[in-house]
Amino acid sequence: MKIIATILRNKAILVVFLTAFFNISFAPDYVPTADEVNHFYQTKTLVVLEDNPIAEYNFVIRDFMQKEWKLTPYDFIKYSEFEEKRMDPQYSFILLNQVRFDNDKSLAQYLFLSLVLGGNEQVVSSMPDLCPVPIAYYGVDEDHYNYKFQTILRFMQQHVELIHKNPKLIRTNMFKIYNDSMQSIKNKILYVIKDELAPDCNTEAKIKKIYPYRFKIVTREEVSKAIDERNPDVVFLHKVGPEGTRLIARCYKILIGAADSKFYYFDYHRINDKEPDGFLAKDFKRLAKK
């Protein structure tokens, strides 16, 4: 039996995708408190796996957690254990969430990786979410994003450390604080993948006209290699979009350091005829101005 629980909260309807059979709701716009961030360090982090034992996500997240997770003790659980354990404040959870916004008439669904705290909340959507990172549209080929979980797990820890040490940075749209680092990109090589670029900037010639700094149009394998090697010269584009479908929804654009896992740029636009799915010429121009 397929279980679906959809809850309206603030401006979003959010559904968490854990397996082919279970969806629950979360809020990626949740703003944590300083006390909740402090409490996280007292928890054990449980990574919720798909109940399907051969799911690719299970293997990928196990491998990257072993390589990257440093902040708390951790373990892995199936979704069938999550409902019982999520009420216990001694735990935090890493979840792959399926998200749908209520003001999006296209009904587009996104995947977010979230870090949430256990506690006494009766509904899942009220659980404190410390770091919801957009990963992909639901249904996009896993090969487009699986290799990025390694650097995203690094970022999540760095983000929590940052707001732990500087609680004044806790705010709505928290990731936009990283745009202050945008000017540093001119000292890096910007890796972009051709099919993640808008038509007005999808060739070297077009980009050179608007962006005077170093860049390279690469493959996903080259991005993965830069992440694995922690190449200090590389900042890569993480684009979240419908990948060629006709959905009129959000396109997230994040530039991430391959070595430091820092966000150097965070923005999104609503896809339309003038601003299609992809990193736009105006994004390159904004980087060039900085």
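Residues numbered from 1 in each chain as written. Predicted model: local features only at pLDDT ≥ 70, side-chain atom pairs only at ≥ 80, totals over all residues. Heavy atoms only, no water.

Colleague: Give me the overall build of the protein chain: which residues, what numbers.
Modeller: When helices and strands are counted, the protein chain shows 7 helices and 15 strands. For the protein chain, the residues scored as buried account for 55% of the 290 residues in total. Counted over contacts in the protein chain with a minimum sequence separation of 6, partners at least 24 positions apart contribute 65%. With an accessible surface of roughly 13300 Å², the protein chain has 50% of that area assigned to carbon and sulfur atoms. (Helix = DSSP H or I, 4+ residues; strand = E, 2+ residues; numbered from the N terminus. Buried < 20%, exposed > 50% of the residue type's maximum accessible area, 1.4 Å probe, protein only. Contact = heavy atoms within 4.5 Å. Areas by Shrake-Rupley, 256 points an atom, 1.4 Å probe, with all protein chains shown as cover.)

Colleague: An account of a negative patch on the surface is requested, with residue identities and associated values reported.
Modeller: On the surface, Glu56, Asp141, Asp143 and Glu221 cluster together into a patch of negative charge. Looking at the element boundaries, glutamate 221 is found in helix α6 (residues 220-229). (Patch = residues over 30% accessible without salt bridge, like charges linked within 9 Å, V, L, I, M, F, W, Y side chains within 5 Å. Salt bridge = Lys/Arg side-chain N within 4 Å of Asp/Glu carboxyl O. Lys, Arg positive; Asp, Glu negative; His and termini not counted. Charge placed at Lys NZ, Arg CZ, Asp CG, Glu CD.)

Colleague: Describe the pattern of salt bridges, listing the residues and the values that go with them.
Modeller: In total, this model carries 13 salt bridges according to the counting rule given. Residue glutamate 222 is joined to lysine 216 by a salt bridge in which the shortest nitrogen-to-oxygen separation is 3.4 Å. Residue glutamate 222 is classed as partly exposed on the basis of its relative accessible area of 29%. Glutamate 275 serves as the salt-bridge partner of lysine 282, at 2.6 Å between the closest nitrogen and oxygen. Take lysine 282: its relative accessible area is 46%, and that puts it in the partly exposed class. Three or more residues are tied together by salt bridges with common partners; here these are Glu68, Arg154 and Arg230.

Colleague: For α6, give the residues involved together with the corresponding values.
Modeller: Every buried residue of α6 is listed here: Arg220, Val223, Ser224, Ala226 and Ile227. Taken end-on, α6 shows its buried residues confined to a sector of 160°, consistent with a single buried face. Away from the buried face of α6 by more than 90 degrees, exposed residues Glu221, Lys225 and Glu229 are located. Taken together, the buried residues of α6 touch α4 (149-165), β11 (189-193), β12 (215-218) and β13 (234-240). (Arc of directions from axis to C-beta.)

Colleague: Tell me about the environment of alanine 281, and please be specific about residues and values.
Modeller: For alanine 281, the position within the fold is in helix α7 (residues 281-289). It is 7.6 Å that separates the C-alpha atoms of alanine 281 and isoleucine 207, two residues lying 74 residues apart in sequence. Each residue touching alanine 281, except ones within four places of it in the same chain, is listed here: Asp200, Cys201 and Ile210.

Colleague: Describe the environment of aspartate 35, naming the residues involved and giving the relevant values.
Modeller: The residue aspartate 35 is located in helix α1 (residues 34-40) in this model. Here aspartate 35 falls in the exposed class, since its relative accessible area comes to 61%. Measuring from C-alpha to C-alpha, the distance between aspartate 35 and proline 167 comes to 9.4 Å, with 132 residues separating the pair along the chain.

Colleague: Would you mind going over the nonpolar core in detail, with residue names and values included?
Modeller: Core analysis: the largest hydrophobic core is formed by 61 residues, its most contacted members being Tyr110, Leu113, Val133, Ile135, Phe149, Leu153 and Phe263. The greatest single-element share of this core, amounting to 7 residues, is contributed by α4. Leu190, Leu197, Cys201 and Leu280 belong to the second-largest nonpolar core, a separate cluster that totals 22 residues. (Core = buried A, V, L, I, M, F, W, Y, C linked by side-chain atoms within 4.5 Å.)

Colleague: Break down α7 for me, citing the residues and quoting the values.
Modeller: Buried within α7 we find Ala281, Asp283, Phe284, Leu287 and Ala288. Take α7 and look down its axis: the buried residues cluster within an arc of 160°, on one side only. Each element contacted by the buried residues of α7 is listed here: β11, α5 (204-210), β14 (250-257) and β15 (263-270).

Colleague: Run through the pairing of β11, naming residues and quoting values.
Modeller: In terms of burial, β11 is a largely internal element, 4 of the 5 residues being buried. The sheet contact formed by β11 and β13 spans 3 bridges and is parallel. Bridge pairing links isoleucine 189 to valine 234 in β13. Regarding the hand of the β-α-β motif, the stretch spanning β11, α5 and β12 is right-handed. (Pairing = 2+ DSSP bridges. Right-handed = clockwise from strand over helix to strand, strands pointing away.)

Colleague: Any details on the sheet that holds β13? Residues and values, ideally.
Modeller: Reading across the sheet, the 5 strands line up as β12-β11-β13-β14-β15 and stay open at both edges, with mixed pairing between neighbours. Either end of the sheet is taken by a strand with one partner, and the two such strands are β12 and β15. The sheet shows a mean angle of 20° between the axes of neighbouring strands, direction not considered. Where β11 and β12 come together, 4 bridges link them in parallel fashion. Directly across from leucine 190, in β12, lies its bridge partner phenylalanine 215. On top of the sheet, α7 reaches β11, β14 and β15; it is set at about 145° to β15, its chief contact. (Axes fitted to C-alpha atoms, helices over the stretch in contact; angles between N-to-C directions.)

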